[in-house]
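Examination of the molecular architecture
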Amino acid sequence: MVFVRTTPPRPVDVTTVFPELAPLARPAIRLHPRPGSPSVGESSVGGPLLWPAEEPWPHCEASHLHVDSGFRQSPDDVRLMRRMQARRHRDHHGRGGMTPGEAALKERNAMRRAERFAAGPPPADCPVPMLPVAQLFLRDIPLLRPPGQADLLQVLWCPYDHDPDHKPSTALFWRSAAEVVDILAIPPEPYEVNDDGYLPEPCVLAPEAITEYPNSLDLGPQLRLMLEDWNRWQAAGADVDSSYADWPRDFYDIHLADAPGWKAGGWPPWGRTDPNPRYCTVCEVQMVPLLTIASFEWDGGEGHSWAPCEEQAAAKAGGHCCGQSPSRPTKVAVGSTDNMQIYICPASPEHPHTDLIQ
Ligand SMILES: [Zn+2]
Ligand SMILES: [Zn+2]
């Protein structure tokens with residue numbers, strides 16, 4: 001790993017104030033994806049996968065005919081749009097229009113699109129080649145529990161909306177990196193993406209181990225009441241702004257519970273709905289969070305407290321112009337700028353996974 005990202009210390013040591021929460025501590029690894037050029041041998045978000053040349057690339061077999069033809073773009077067009085946005089941002093909005101390089105890319109994209117149309121049936125009806133979302137090596141993310149000799153997790157999705165919840169459909173692959181000898185050089189790409197937020201920007205990772213506590217919605221009524229008792233906070237001498245006196249539970253949820261952003265393990269984010277436990281369809285045990293695919297690395301306002309120390313200044317400055325937001329390094333947007341949570345069975349990572357939007 002060539003760079004480091006560090007979560008600032010939490011403003012309050014939660015187990016000092018509430019020792020009752022100590023048994024609920026869970027390890028998580030924040031991935032801290034940042035734009036870069038990951039190789040097939042590195043952990044990444046939206047990067048190239050270490051994929052065996054002899055193994056068929058995963059395709060989504062679902063019917064996409066019901067997908068209403070909204071605003072869709074080819075992956076190449078999304079890349080061009082982002083390149084132009086980044087250039088305008090660098091130029092301080094100096095020039096409109098296209099540079100010669102951008103115009104050439106636009107032309108190339110149009111040609112590719114025409115070729116693809118000429119080649120066969122309506123693209124959305126084909127089995128759709130899936131897009132790389134994340135590749136995680138065990139050496140970087142030691143809390144993964146791969147099956148057998150596997151030491152690598154690969155996550156892909158189909159960039160169309162699927163029922164329920166209008167979300168991409170996900171596929172997980174565990175493999176042993178040493179067994180991949182001939183690497184697939186150029187994987188197929190989907191013809192289009194349902195939403196430009198479904199094309200992750202290639203990012204390298206700076207994994208950071210942290211400890212998380214459950215969102216207050218995940219706690220029983222007694223523990224929830226405990227968090228709402230301002231006297232408990234004061235008696236413990238917790239340095240909490242008195243503006244939270246009426247809502248100390250909010251302070252806990254914003255600053256002390258689960259971290260926002262892409263992460264492995266830990267506690268799930270809730271708020272869009274009440275907690276919705278998932279059960280394995282094979283052995284019926286309660287499933288555990290494997291990976292959070294996030295629209296934002298940190299929230300606005302006080303949520304800045306989760307922005308890494310190295311980026312606090314950028315987080316506070318905002319800088320949301322030209323689609324360049326420091327809190328959206330992956331450019332991924334799922335749901336209404338929510339999180340997609342992938343769950344696996346704790347008994348066997350090979351039992352079918354499930355996912356939900358939160
Ligand atoms: Zn699909
Ligand atoms: Zn199971």
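The rules behind the values
- Residues numbered from 1 in each chain as written.
- Chains lettered and ligands numbered in written order.
- Predicted model: local features only at pLDDT ≥ 70, side-chain atom pairs only at ≥ 80, totals over all residues.
- Heavy atoms only, no water.
- Helix = DSSP H or I, 4+ residues; strand = E, 2+ residues; numbered from the N terminus.
- Contact = heavy atoms within 4.5 Å.
- Donors = N, O, S within 2.8 Å, 3.2 Å for Na, K, Ca; no water.
- Tetrahedral: all angles 85-135°; square planar, octahedral: opposite > 155°, others 65-115°.
- Buried < 20%, exposed > 50% of the residue type's maximum accessible area, 1.4 Å probe, protein only.
- Pairing = 2+ DSSP bridges.
- Arc of directions from axis to C-beta.
- Salt bridge = Lys/Arg side-chain N within 4 Å of Asp/Glu carboxyl O.

Taking an unreviewed UniProt entry as the reference, the protein is identified by name as DUF1963 domain-containing protein belonging to Streptomyces ossamyceticus.

1. Considering the environment of Pro-168
Looking at the secondary structure, you find Pro-168 in strand 8 (residues 167-175). Linking Pro-168 and Val-78, residues 90 residues apart in sequence, is a C-alpha distance of 17 Å. Ignoring anything within four residues of it in the chain, the contact list for Pro-168 reads Trp-157, Cys-158, Tyr-160, His-162, Tyr-198 and Met-340.

2. Remarks on the coordination of the zinc ion (ligand 1)
For the zinc ion (ligand 1), the full set of protein donor atoms is Cys-60 (SG), His-64 (NE2), Cys-158 (SG) and His-162 (NE2), at a range of 2.0 to 2.3 Å. Viewed at the metal, the 4 donor atoms of the zinc ion (ligand 1) are separated by angles of 102 to 114 degrees, and the geometry they form is tetrahedral. Linear spacing of the donor residues for the zinc ion (ligand 1) on their chain is C-x3-H-x93-C-x3-H. Of this pair, His-64 sits in the loop between strand 4 (59-60) and helix 2 (75-90) while His-162 is found in strand 7 (residues 152-162), placing the two residues 98 residues apart along the sequence. Like His-64, the residue His-162 is buried in the burial classification.

3. A short note on the coordination of the zinc ion (ligand 2)
Angles at a metal have ideal values that depend on geometry: 109.5 degrees with four tetrahedral donors, 90 or 180 degrees with six octahedral donors. Looking at the zinc ion (ligand 2), the protein donor atoms are Cys-280 (SG), Cys-283 (SG), Cys-345 (SG) and His-351 (ND1), and they sit 2.1 to 2.3 Å from it. One can describe the site at the zinc ion (ligand 2) as tetrahedral: its 4 donor atoms subtend angles covering 101 to 117 degrees at the metal. Summarised as a motif, the one-chain spacing of the donors to the zinc ion (ligand 2) is C-x2-C-x61-C-x5-H. Taken together, the residues span a long stretch of sequence, with Cys-283 in the loop between strand 11 (263-265) and strand 12 (288-294) and His-351 in the loop between strand 13 (339-344) and strand 14 (354-357) at a distance of 68 residues.

4. Observations concerning the pairing of strand 6 (residues 131-137)
Among the 7 residues of strand 6, 7 are classified as buried, and the element is accordingly described as predominantly covered. Where strand 6 and strand 7 come together, 6 bridges link them in antiparallel fashion. Each residue of the ladder has a partner; that of Leu-136, found in strand 7, is Leu-153.

5. Quick word on helix 6 (residues 248-256)
Every buried residue of helix 6 is listed here: Pro-248, Phe-251, Tyr-252, His-255 and Leu-256. Here the buried residues of helix 6 occupy an arc of 100 degrees about the axis, which is enough to place them on one side.

6. Focus on the pattern of salt bridges
All told, the structure shown has 18 salt bridges when counted by the stated rule. With a shortest N-O distance of 3.0 Å, Arg-175 and Glu-55 are connected by a salt bridge. In this pair, Arg-175 sits in strand 8 while Glu-55 sits in the loop between strand 3 (44-45) and strand 4, placing the two residues 120 residues apart along the sequence. What makes Glu-55 partly exposed here is its relative accessible area of 28%. Among the salt bridges present, the one from Glu-228 reaches Arg-249, with a minimum N-O distance of 2.7 Å. With Glu-228 in the loop between helix 4 (221-227) and helix 5 (230-235) and Arg-249 in helix 6, this pair connects stretches of sequence that are 21 residues apart. Take Glu-228: its relative accessible area is 35%, and that puts it in the partly exposed class.

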